[in-house]
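# Descriptive analysis of the structure
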2 protein chains.
Amino acid sequence: MATKLVSSIQEAIRLCGLKDGMTVSFHHHLRNGDYVLNLVMEEIAAQGIRDLTMNASSLFETHSPLLGHIENHVVSLIQTDYMAAGLGRAISQGIMEKPVQFRTHGGRPSDICRGATPIDVAFIAAPTADPMGNCSGKYGPSACGSLGYAFADAMHAKKVVVITDNLVPYPLQDWSISEDFVDYVVTVDAIGNPKGIVSGTTQITRDPVGLVMASHAAQVIANSGLLKDGFSFQTGAGGASLAAAKFLKDIMLEKGIQGSFGLGGITGYMVDMLQAGCFRNLMDVQCFDLKAVESIRTDPRHQEISAMQYASPTAKSAVVDSLDVVILGATEIDTDFNVNVHTDSNGYIMGGSGGHSDTAAGAKLSMIIAPMFRARLPIVTDRVQCISTPGRDIDVLVTQGGIAVNPRNAELKERLVKAGLPIMDIRELKEKTERITGAPKTIRRGDRVVAEVIYRDGTLLDSIYNVPGEQR
Amino acid sequence: MATKLVSSIQEAIRLCGLKDGMTVSFHHHLRNGDYVLNLVMEEIAAQGIRDLTMNASSLFETHSPLLGHIENHVVSLIQTDYMAAGLGRAISQGIMEKPVQFRTHGGRPSDICRGATPIDVAFIAAPTADPMGNCSGKYGPSACGSLGYAFADAMHAKKVVVITDNLVPYPLQDWSISEDFVDYVVTVDAIGNPKGIVSGTTQITRDPVGLVMASHAAQVIANSGLLKDGFSFQTGAGGASLAAAKFLKDIMLEKGIQGSFGLGGITGYMVDMLQAGCFRNLMDVQCFDLKAVESIRTDPRHQEISAMQYASPTAKSAVVDSLDVVILGATEIDTDFNVNVHTDSNGYIMGGSGGHSDTAAGAKLSMIIAPMFRARLPIVTDRVQCISTPGRDIDVLVTQGGIAVNPRNAELKERLVKAGLPIMDIRELKEKTERITGAPKTIRRGDRVVAEVIYRDGTLLDSIYNVPGEQR
């Protein structure tokens, strides 16, 4: 039987005809356990190829060898949806000539599908594959569950290389990406470190502040008018968000409410809610922990979705468009409800939108959950350093010290006031916080753009500037 | 929740902006039970839209109202992979100005994907759908199983309308086509007549001639050198083909051979082979009977594939490329092994390639199984009236009176001679047949091209001429 197996990553790169100035792409389902991006980039560098654009759905600490490839001009432009703090700090210090292009988890596949960000060679880390390239994230020693972020790359890149450490006979059953999109298959010893790919189930917070926030969050949802049969929900993997999900689950079970679906990056807590009957289905673009991986592999109610189906604004529709409530985080939020998830309190890049602005745009109720202050720095500011998600898409900020509703959503405010929740104006919340922390210091900002925040529709939303005094 | 539900087919057509000269598309999974094509075309005609191109994966007897739409210039060009005899007769009589464009089940999606045959509005008959357009063929009163032929249409048409008689709450679980491709959803009382959609299991032949052919076919496979672990197989739904599958199953079970996959239009007999352990998987682009529909719904080893994954020559690969043996039919085969499946013995159109030339091109062993003659007309001719599949892709012709091997496959011939099978030159088989039937009459052929046979790579393979003396 003909196969697409080639002997090495080196050989695959050669066969793909990768040349200076082209674009390579990677997905991030192996998260901080990923070996593939580094393996591939090392080979590319060894072949003397330079000036590449790297389109990676997210970049983690494990990808820090990328800094060397930037210094050596192997990579000259980065397009990504999220960047961990180590890489982010270097970018903020100004190591790249071209600004990083930050997109969202919906905007990235949208721009790939409409041809705005063409990919020459996509490298797909596949926990299981067959010799013709049918592949899945659900099986194998490096199983990561959903491969949702890799679909756009596979469907639109000129050349597609599947890299696996678990080759099975043709045909692989229950593939996610099918052979008709794949050019070459390479086997390696390991595509990732299972410990970094998925964590054990994250613990819900035991911190009293976090529990108060979570309780407020659950009460906001319970009184929003949205918590009824058919309810749909997304939340993150932070301790307080998970605690909010736990409280919400209790309310739903007590009231006998059956939701329609849970969405997102899926954690074991969402799986618990599925199994308890809180939802009919889970729609999963990315698995956050082992319980989610086990569930997507074995439970037909738990379904993989592509990033297009998850959140693309140019798809005919995306699941975010049917979402009732999303709980999101923030490093800062300003009095116009604009949210920053890209930079830390010193202005260094340490994150990215991911699906933040996609879900905020789609959901009927977009909630930010955050403590009033972190390390004596208030969460509410006059103006965020970087707009990751526009304030028009945020409905409510929940902190331990009070809940602020966006004036655009007067009905919600009325409902929450009636429910006796501690509602206050966001400026009032800011002042209350500053009475504890003191006024925040002013952040020094350089005059060079080191990253562009591209909104999900492809327009420039904001720019991130270098942090001065530490340029290398 | 926002939905894509619109009140009627009429409304969907209006919202899609369908205009004179555009292209509409349909899939044929509901086969001779399909109501949707006629319902839609009736509405289009009522709206006074004319000069349309109809791209339909296949056309059955139930679609004969199309003749009226042709006469009234609602439809001016037909693109299809198969046309039943009633429609075919009218086309052969010359009722259309523009020749019908016949493609293959692999060539059609290839041409759609590469933009050679753009579709303005695709109408997708969906046995189950949700209000956002996620849809499946596996569930509902009109269940047809796989929706494989509709994927290319959904992914590439400018507008996509899902028409269902079984609307379920969002999100549909186990969708085939996802909401990110769908513009509108329409509910109707019934999308089809279940009796016409799938038959009960077709009976294997009891005709002695058919049984001899089937036995020969199984012996050819058994002695081909291909029947070993990992073996893959496709066969049609005709009585003799099914009998061949039955004999093959017995041989595989006796020898303890576990094949890799069964492919194609899937019948209950292939499901039997899966369940008996003859194959690990079924790859299903279309279900032929109720047993196949039940199996694809409930057995994870039985998997839906798109027409691109099935057979597209411009996909990175297709399953046909990994196929060992295919059993195919013929209305005629000539001494160069060219096969005709488009026209009958009088030159009238009564079929089409379907996946014939795709599987013949991909399979290691392409076998034609046919009786020496039908109604005293020999199967072997000097030159087929129409080349549906080029002789270079056919390895062997099996009849009740002898087996002819294409000289291009000398190794196969040697193997079969050694096995003691009745091998003869195809000219010898022709003469042997003509000694029984007499020399065939010459077919009168008109001088007007009524259909073009477009090979899977997009090139013109042959032309079909009108049948003279009966023009209307």
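Provided above is the structure to which this section pertains.
In this report, the structure presented in the accompanying data block is examined. (Residues numbered from 1 in each chain as written. Chains lettered and ligands numbered in written order. Predicted model: local features only at pLDDT ≥ 70, side-chain atom pairs only at ≥ 80, totals over all residues. Heavy atoms only, no water.)

## With respect to the side chain of histidine 356 of chain B
Residue and element names in this part refer to chain B. Here is the rule: The secondary structure listing takes helices from DSSP runs of H or I that are at least 4 residues long and strands from runs of E that are at least 2 residues long, numbered from the N terminus. Partly exposed describes any residue whose relative accessible area lies between the buried limit of under 20% and the exposed limit of over 50%, with all areas from a 1.4 Å probe on protein chains only and scaled to the type maximum. Residues adjacent in sequence count toward polar contacts only when both atoms are side-chain atoms; beyond that, a polar contact is any pair of N or O atoms within 3.5 Å, and within protein one must be able to donate a hydrogen and the other to accept it.
Mapped onto the fold, histidine 356 is located in helix α13 (residues 356-362). Overall, histidine 356 belongs to the buried group, its relative accessible area being 5%. In this structure the side chain of histidine 356 is engaged in a polar contact, spanning 2.7 Å, whose partner is the side chain of threonine 389.

## Some points on the relation of the copies chain A and chain B
Here is the rule: Each copy is superposed on the other by least squares, with the fit set by C-alpha atoms of residues at a pLDDT of at least 70 in both. Note on definitions: a residue-residue contact is assigned when non-hydrogen atoms from the two residues lie within 4.5 Å.
For these two chains of identical sequence, chain A goes onto chain B by a turn of 180 degrees and a shift of 0.0 Å along the axis, with RMSD 0.0 Å. Taken together, the rotation angle and the small translation identify this as a two-fold axis. When the interface residues of chain A are mapped onto chain B, 100% of them again lie at the interface, so the same face is used by both copies.

## Comments concerning the packing of aromatic side chains
In plain terms, the rule: Only centres within 6.5 Å qualify two rings of Phe, Tyr or Trp (six-membered ring in Trp) as a pair; their planes then separate them into stacked at under 30 degrees, edge-to-face at over 60, and tilted for everything else. Whether a charge lies above a ring is judged from NZ of Lys or CZ of Arg, which has to be within 6 Å of the ring centre and within 35 degrees of the ring normal.
All told, the structure shown has eight aromatic pairs over all chains when counted by the stated rule. Seen in terms of ring centroids, phenylalanine 60 of chain A and tyrosine 82 of chain A are 5.8 Å apart; in terms of plane orientation they differ by 40 degrees. Their pairing is tilted. Of the two residues, phenylalanine 60 of chain A is situated in the loop between β3 (52-56) and α3 (66-71) and tyrosine 82 of chain A in the loop between β4 (75-80) and α4 (85-92); the sequence distance between them amounts to 22 residues. For tyrosine 82 of chain A, a relative accessible area of 28% translates into the label partly exposed. A cation sits over an aromatic face here: arginine 392 of chain B above tyrosine 455 of chain B, 5.5 Å from the ring centre. Lying across the ring of tyrosine 465 of chain B, arginine 445 of chain B places its NZ or CZ 3.9 Å from the centre.

## Observations regarding the interface of chain A and chain B
Selection criterion: Buried area: the accessible area, evaluated with a 1.4 Å probe, that two parts lose upon being put together, summed over both parts. A carboxyl oxygen of Asp or Glu within 4 Å of a side-chain nitrogen of Lys or Arg is what we treat as a salt bridge. Polar here means any residue outside two lists: the nonpolar Ala, Val, Leu, Ile, Met, Phe, Trp, Tyr, Cys and Pro, and the charged Asp, Glu, Lys and Arg; Gly therefore counts as polar.
Facing the 42 residues of chain A at the interface are 42 residues of chain B. Carbon and sulfur atoms make up 51% of the surface buried where chain A meets chain B, a total of about 3000 Å² over both sides. The largest share of the area that chain A buries against chain B comes from Gln173, Asp180 and Lys316 of chain A, three residues that together contribute 22% of it. The tally of links from chain A across to chain B stands at two salt bridges. Residue lysine 316 of chain B pairs with aspartate 183 of chain A through a salt bridge whose shortest N-O separation is 2.6 Å. The tally of links between chain A and chain B comes to 20 residue pairs in polar contact (both at pLDDT 80 or more). Of all the elements in the fold, those that place two or more residues in the side of chain A that touches chain B are β9 (159-164), β12 (259-266), β13 (279-287), β14 (302-304) and α12 (307-311) of chain A. With three residues, β13 of chain A is the largest single contributor of residues to the side of chain A that touches chain B. Classifying every residue of the side of chain A that touches chain B by side-chain character gives 20 nonpolar, ten polar and twelve charged.

## Focus: the layout of surface pockets
Rules: Space inside and on the surface of the protein is sampled on a 1 Å grid over the protein atoms alone, with a cavity defined as a set of points where a 1.4 Å probe fits but cannot get out and a pocket as an open set with protein on both sides within 12 Å along at least 5 of 7 lines; lining residues have an atom within 4 Å of a point. Grid points are joined across faces, edges and corners, and a volume is the space filled by probe spheres set on the points.
Roughly 1500 Å³ of internal volume is contained in the second largest pocket. Along the wall of the second largest pocket there are 49 residues; nearest its centre are Asp174 and Trp175 of chain A together with Asp174, Trp175 and Glu304 of chain B. Within the residue set of the lining of the second largest pocket, elements represented by two or more residues are α6 (151-156), α11 (290-298), β14 and α12 of chain A together with α6 (151-156), α11 (290-298), β14 (302-304) and α12 (307-311) of chain B. Partitioning the lining of the second largest pocket into residue classes produces 21 nonpolar, 16 polar and twelve charged.

## Here we look at the pairing of strand β2 (residues 23-26) of chain B
Residue and element names in this part refer to chain B. Just so we agree on the cut-off: Strands qualify as paired when DSSP identifies two bridges or more between them.
Every second residue of β2 is oriented toward a common face, with Thr23 and Ser25 on one face and Val24 and Phe26 on the other, all of them buried. Note that β2 and strand β6 (residues 121-126) share three bridges and pair parallel. Looking at the pairing, valine 24 lines up with valine 121 of β6.

## A word on the packing of helix α9 (residues 239-255) of chain B against helix α10 (residues 268-275) of chain B
Residue and element names in this part refer to chain B. For clarity, the cut-off: Angles here are taken between N-to-C directions and fall from 0 to 180 degrees, while the axes themselves are lines fitted to C-alpha atoms, restricted in helices to the stretch in contact. Oblique is the label for any angle not covered by the other classes, which are roughly parallel (under 35 degrees), roughly antiparallel (over 145) and roughly perpendicular (65 to 115).
In the contact formed by α9 and α10, the axes pass within 10 Å of each other and the chain directions differ by 5 degrees. Compared by their axis directions, α9 and α10 come out roughly parallel. Two secondary-structure elements touch here, α9 through Leu242, Ala245, Leu248, Lys249 and Met252 and α10 through Tyr269, Asp272 and Met273. Residue composition of the contact of α9 with α10, grouped by class: six nonpolar, no polar and two charged.

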